[in-house]
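# What the coordinates show
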Amino acid sequence: MLQKLTGLLTKRPRNAGVAPRDDGARLALPEKLPRHVGIIMDGNGRWAQNRGLPRSAGHAAGTEALRDIIQACDDWGIYALSIYAFSTENWARPKDEVGTLMGLILRYFQSEIDELDAKGAVIRIIGDVDGLPDKQRDVVNRAMERTRDNDGLRLNIALNYGGHAELTRAARRLAARCVAGEMKPEDIAEADVENELYTAGLPPVDLLIRTSGEIRTSNFLPWQAAYAEMVFNPILWPDYNREVFLRDLHEYASRDRRFGGVKKEEGQ
Ligand code: FPP
């Protein structure tokens, strides 16, 4: 089914995708698409537990779902995708689960880099790369270096990421510039803060999706998602796929974004 569906889509068509709905009808890609989608891929553990499998099986299945969503973003011409793969808080998980995740991350970059590069993806790790184990740090640095001049999907992978840590880092960097006499504290503008974030140069998150039914954002892109539309989808991440994603994109398209203002007709 998925293959048939993929066959209907040519590479990076704008607004030309279709996917089946639950009732079997085909759902077209909405006209209004987010430029930047953030995803909190939650529910791997529960997915595995529901099947009597170890949590590692859930993370492995989650990696497959991720592949599908990256391909959908590429097919549908979404500019940027940011995914939460490993938070600064995830180090507190049992040692063997951290080991499993680190192993998956290493294998993911080793096995996917050729295809991601061929698609033209620009990989950016958001998070403290220096705090990763040596092998993971090397493989992600190589992936960033290799894809930096590409012009396709901006793929931000949050590894060892925390929003508070990111903002603290930005504050330190700005403070250092003030101490060096490069700028004055009173001159610090929002754009200066943005330029010190891992996502510098990228548009803000328009749509933030969290799977598994949890209704919180867990320290993911607090600055960048300040005006994001939120979709909390009850589906567990390994079951998420491009058809569900398309429905979430329709949900986004149906929202009235006012950015603190009023509806056009009300403001007239
Ligand atoms: C949350 O589910 C998921 C994670 C902490 C890891 C997400 C990682 C992947 C999808 C795969 C690895 C990513 C890359 C880039 C290779 P959970 O374990 O908290 O699920 P639970 O809430 O049901 O326990």
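Before reading on, note that the structure itself is shown above.
Throughout what follows, the structure given in this document is the object of discussion. (Residues numbered from 1 in each chain as written. Predicted model: local features only at pLDDT ≥ 70, side-chain atom pairs only at ≥ 80, totals over all residues. Heavy atoms only, no water.)

### Side note on the packing of aromatic side chains
For the structure shown, the criterion picks out ten aromatic pairs. For the ring pair Tyr 84 and Tyr 161, a centre distance of 5.9 Å and an interplane angle of 80 degrees mean the geometry is edge-to-face. Here Tyr 161 lies in strand 6 (residues 154-161) and Tyr 84 lies in strand 4 (residues 80-87), a separation of 77 residues in the sequence. Side by side, Tyr 84 and Tyr 161 carry an identical accessibility label, which is buried. Judged by centre distance (5.2 Å) and plane angle (20 degrees), the rings of Trp 237 and Tyr 240 are stacked. By relative accessible area, Trp 237 is classed as buried at 1%. The cationic tip of Lys 32 hangs over the ring face of Tyr 252; the distance from NZ or CZ to the ring centre is 5.4 Å. (Phe/Tyr/Trp six-rings, centres within 6.5 Å; stacked < 30°, edge-to-face > 60°. Helix = DSSP H or I, 4+ residues; strand = E, 2+ residues; numbered from the N terminus. Buried < 20%, exposed > 50% of the residue type's maximum accessible area, 1.4 Å probe, protein only. Lys NZ or Arg CZ within 6 Å of the ring centre and 35° of its normal.)

### What about the packing of helix 3 (residues 55-76) against helix 8 (residues 242-254)?
Describing two packed helices takes the angle between their axes plus the distance from one axis to the other. At a closest axis distance of 9 Å, the pairing of helix 3 and helix 8 adopts a crossing angle of 55 degrees. In terms of axis orientation, helix 3 runs oblique to helix 8. Judged by the sense of rotation from one axis to the other, the crossing of helix 3 with helix 8 is right-handed. Facing helix 3, whose interface residues are Asp 68, Ile 69, Gln 71, Ala 72, Cys 73, Asp 75 and Trp 76, helix 8 presents Arg 242, Phe 245, Leu 246 and Leu 249. A class-by-class count of the residues in the contact of helix 3 with helix 8 yields seven nonpolar, one polar and three charged. (Axes fitted to C-alpha atoms, helices over the stretch in contact; angles between N-to-C directions. Parallel < 35°, antiparallel > 145°, perpendicular 65-115°, else oblique. Left-handed = near helix turned anticlockwise from the far one by under 90°. Contact = heavy atoms within 4.5 Å. Nonpolar A, V, L, I, M, F, W, Y, C, P; charged D, E, K, R; others polar.)

### So, the packing of helix 3 against helix 4 (residues 95-119)
Here helix 3 crosses helix 4 at 25 degrees, and the two axes come no closer than 11 Å. Classed by the angle they form, the pair helix 3 and helix 4 counts as roughly parallel. Considering the relative orientation of helix 3 and helix 4, their crossing is right-handed. Between helix 3 and helix 4, the contacting residues are Arg 55, Ser 56, His 59, Ala 60, Thr 63, Leu 66, Arg 67, Ile 70, Gln 71 and Asp 74 on the first element and Glu 97, Thr 100, Leu 101, Leu 104, Tyr 108, Ser 111, Glu 112, Glu 115, Leu 116 and Lys 119 on the second. Its residues assigned to classes, the contact of helix 3 with helix 4 shows seven nonpolar, six polar and seven charged.

### So, the nonpolar core
In terms of nonpolar packing, the biggest core is built from 48 residues, with Leu 81, Phe 109 and Phe 245 touching the most fellow members. When residues in this core are grouped by element, the largest group, nine residues, is from helix 4. With twelve residues, the next largest nonpolar core counts Ile 126, Ala 158, Tyr 161 and Leu 208 among its residues. (Core = buried A, V, L, I, M, F, W, Y, C linked by side-chain atoms within 4.5 Å.)

### A word on the side chain of Gln 224
Looking at the element boundaries, Gln 224 is found in the loop between strand 7 (207-211) and strand 8 (229-233). Within the structure, the side chain of Gln 224 is placed 3.1 Å from the side chain of Glu 166, a separation counted as a polar contact. Gln 224 has contacts with Tyr 161, Glu 166, Leu 197, Thr 199, Pro 204 and Val 205, leaving out every residue within four places of it along the chain. (Polar contact = N/O pair within 3.5 Å; in protein donor to acceptor, adjacent residues only side chain to side chain.)

### Topic: the pairing of strand 8
Only one face of strand 8 is buried, namely the one carrying Glu 229, Val 231 and Asn 233, since none of Met 230 and Phe 232 on the opposite face is buried. Here strand 7 pairs with strand 8 via five bridges, running parallel. The residue bridging Leu 207 from the neighbouring strand is Glu 229, located in strand 8. (Pairing = 2+ DSSP bridges.)

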